[in-house]
Amino acid sequence: MVQSAKLWEIEMEIEMEIINRSVSIKDHVEGAPEESDFELKTDVITTELILGSNDVLVKNLYLSIDPYQLNRMKKYSSSHETSNFAAPLVPGKTVDGYGVGRVVASAKAGFEKGDPVAGVIGWEEYTLVHQGTMLNKLSTTDFPLSYHVGILGFSGLTAYGGFYNVCKPKKGEKVFVSAASGSVGNVVGQYAKLFGCYVVGCAGTKQKVELLKNKLGFNDAFNYKEESDLKSALKRCFPDGIDIYFDNVGGEMLEAVVANMNLFGRIAVCGVISEYIDAKARVSPNMLDIVYKRITIQGFLAGDFISQYADFIALTVGYLRSHKLHVLEDISIDIESIPAAFAGLFRGDNIGKKMVQIAEK
Ligand SMILES: NC(=O)c1ccc[n+]([C@@H]2O[C@H](COP(=O)([O-])OP(=O)(O)OC[C@H]3O[C@@H](n4cnc5c(N)ncnc54)[C@H](OP(=O)(O)O)[C@@H]3O)[C@@H](O)[C@H]2O)c1
């Protein structure tokens, strides 16, 4: 009897305390990130939540690996003060970011143990999500949970909002997408094709270019790393000019696009990844072209389109169910793979949505 009581106590102890491994930056990161910029820590956390706190303890399953995090890792970036999502990261503190998980314990009404959720969690195995932090229960659960990180998550919403709202496409228009095999880019290109546009993408390897042309149905694609003159490469692909540019990279590609843009062209600036690792990569486009061709250049954030979330899901789920949209996921396994997964974004290692699977269920 005494022995079984002891056993019960030990089990309770095991249940109430869990090991949590997490990833943080050792110091601010300037330039291209390297695996050695990160450290893995181990802590013990409790599963007992304070009643009335509205906290939710989440077991993290899939973490989104995103280029914008690099700007948060810098000591200074002009993006830091613009949005909560862009707030600077503190060395030694767990990196927070978007992901999908399952509720382990909840002090919040409407969230039950076992519920699948998506929101701002962390580069760790378990996250205690406090009141006020974005966390939503997932309802469309007949798709793999990983879809809610990419195609049905912020990458998809970014592609949707940027293409349909910012680019304002018309059927038959000529669309160029950079980083076209990446998470956002591949979806933009597929939306544009399905909408009835002529679509060309660029990417950094032969394999990616083949994928764009042969699997995703792009009209044309080229490897920007093999082109000595980007303006000529674009002229070759768009002899009649570009109407829409979905910019993921910035730098000299933007300059080359503006030179090839048609009158009243639109440029949706989604991101400028080439400048994240090297501020000197910034190149000013010819502003005289912007004036005389009456080109619109507009930056945007995915969050600007949160009110259109239901429309985005309806369209995208429809395309998925009718097998019109290919889903590209690039999943690394285990928390220890986060540094390499993140650094790989800036080397062009990924094809499609980069994420890290922390646990299976
Ligand atoms: N505005 C928003 O709300 C929002 C939301 C999500 C993402 N973004 C931005 O959108 C862009 C794409 O993000 P993502 O999540 O879809 O990433 P991603 O495209 O899946 O991954 C990054 C890709 O960028 C390319 N790349 C890396 N360094 C480059 C360089 N110096 N020059 C040209 N290309 C380079 C690489 O492909 P290659 O092999 O083709 O070089 C790499 O695979 C990023 O700029 C990101 O910050 C913005």
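Residues numbered from 1 in each chain as written. Predicted model: local features only at pLDDT ≥ 70, side-chain atom pairs only at ≥ 80, totals over all residues.

- An unreviewed UniProt entry annotates the protein chain as Enoyl reductase (ER) domain-containing protein originating from Stephania japonica.

1. So, the environment of Met-355
No. 1: With respect to the helices, strands and loops of the structure, Met-355 is situated in strand β15 (residues 353-357).
No. 2: As a C-alpha pair, Met-355 and Val-149 span 206 residues in sequence and 7.7 Å in three-dimensional space. (Helix = DSSP H or I, 4+ residues; strand = E, 2+ residues; numbered from the N terminus.)

2. Some words on the domain arrangement of the protein chain
No. 1: According to the domain assignment, the protein chain consists of domain 1 (14-149 + 330-357) and domain 2 (154-304).
No. 2: Placing the centre of domain 1 and that of domain 2 at their C-alpha centroids yields a distance of 29 Å.
No. 3: Across the contact, 15 residues belong to domain 1 and 15 residues belong to domain 2.
No. 4: Broken down by secondary-structure element, the contributors of at least two residues to the side of domain 1 that touches domain 2 are α2 (69-73) and β15. (Domains from an automatic or database assignment. Contact = placed C-beta atoms within 7 Å.)

3. Observations concerning helix α5 (residues 206-214)
No. 1: Taken as a whole, α5 has its buried residues at Lys-208, Val-209, Leu-211 and Leu-212. Viewed end-on, α5 has its buried residues packed into an arc of 160°, placing them on one side of the element. When the buried face of α5 is taken as reference, the exposed residues oriented beyond 90 degrees from it are Lys-206, Gln-207 and Asn-214.
No. 2: Considering only its buried residues, α5 is in contact with α4 (183-195), β9 (198-203) and β10 (220-223). (Buried ≥ 20, exposed ≤ 12 C-beta atoms within 10 Å, placed from the backbone. Arc of directions from axis to C-beta.)

4. A closer look at the site of the ligand
No. 1: Near the ligand you find 30 residues, and of these Gly-182, Ser-183, Gly-204, Gly-271 and Gly-348 are the closest.
No. 2: Contributing elements (two or more residues each) for the shell around the ligand: α3 (154-166), α4 and α8 (273-276).
No. 3: It is α4 that contributes the most residues to the shell around the ligand, three residues altogether.
No. 4: Looking at the shell around the ligand, its residues break down into 14 nonpolar, 13 polar and three charged.
No. 5: Inspection of the shell around the ligand shows a minimum of three residues originating in each of domain 1 (14-149 + 330-357) and domain 2 (154-304). (Near = placed C-beta within 6 Å. Nonpolar A, V, L, I, M, F, W, Y, C, P; charged D, E, K, R; others polar.)

5. Looking at the environment of Thr-47
No. 1: Counting through the fold element by element, Thr-47 comes out in the loop between β2 (38-46) and β3 (56-64).
No. 2: Separated by 74 residues in sequence, Thr-47 and Ile-121 have C-alpha atoms that sit 16 Å apart.

6. What about the pairing of strand β6 (residues 126-129)?
No. 1: Of the two faces of β6, both are covered, the one formed by Tyr-126 and Leu-128 as well as the one formed by Thr-127 and Val-129.
No. 2: Across four bridges, β3 lies against β6 in antiparallel orientation. Residue Val-58 lies in a different strand from β6, and its bridge partner there is Thr-127. (Pairing = 2+ DSSP bridges.)

7. Looking at the sheet that holds β9
No. 1: Taken in spatial order, the six strands line up as β10-β9-β8-β11-β12-β13 in an open sheet, and their pairing is parallel. Here the strands that pair on one side only, and so sit at the sheet edges, are β10 and β13 (296-299). Averaged over all pairs of adjacent strands, the angle between strand axes in this sheet comes to 15°, irrespective of strand direction.
No. 2: In this sheet, strand β12 (residues 261-269) lies alongside strand β11 (residues 242-247) in parallel orientation, the contact comprising five bridges. Paired with Tyr-245 across the bridge in β12 is Ile-267.
No. 3: Against the sheet, α4 touches β8 (174-177), β9 and β11, its axis set at about 165° to β9. (Axes fitted to C-alpha atoms, helices over the stretch in contact; angles between N-to-C directions.)

8. Quick notes on the confidence of the model for the protein chain
No. 1: With 95% of its residues at a pLDDT of at least 70, the protein chain reaches an overall mean of 94.
No. 2: Within the protein chain, no element has a lower average pLDDT than helix α1 (residues 2-16), which sits at 43, and none a higher one than β8, at 99.
No. 3: In the model, residues 1-14 has pLDDT below 50 throughout and makes zero contacts with residues more than four positions away in sequence or in other chains. (pLDDT = per-residue confidence, 0-100.)

9. So, the packing of α3 against α4
No. 1: Look at α3 against α4: their axes get within 8 Å of each other, and the N-to-C directions meet at 45°. Classified by the angle their axes make, α3 and α4 are oblique. Regarding α3 and α4, the two cross each other, and that crossing is right-handed. Only Ser-183, Val-184, Val-187, Val-188, Tyr-191 and Ala-192 of α4 make contact with α3, whose side of the interface consists of Ser-155, Gly-156, Thr-158, Ala-159, Tyr-160, Gly-162 and Phe-163.
No. 2: Of the residues belonging to the contact of α3 with α4, the class tally is eight nonpolar, five polar and no charged. (Parallel < 35°, antiparallel > 145°, perpendicular 65-115°, else oblique. Left-handed = near helix turned anticlockwise from the far one by under 90°.)

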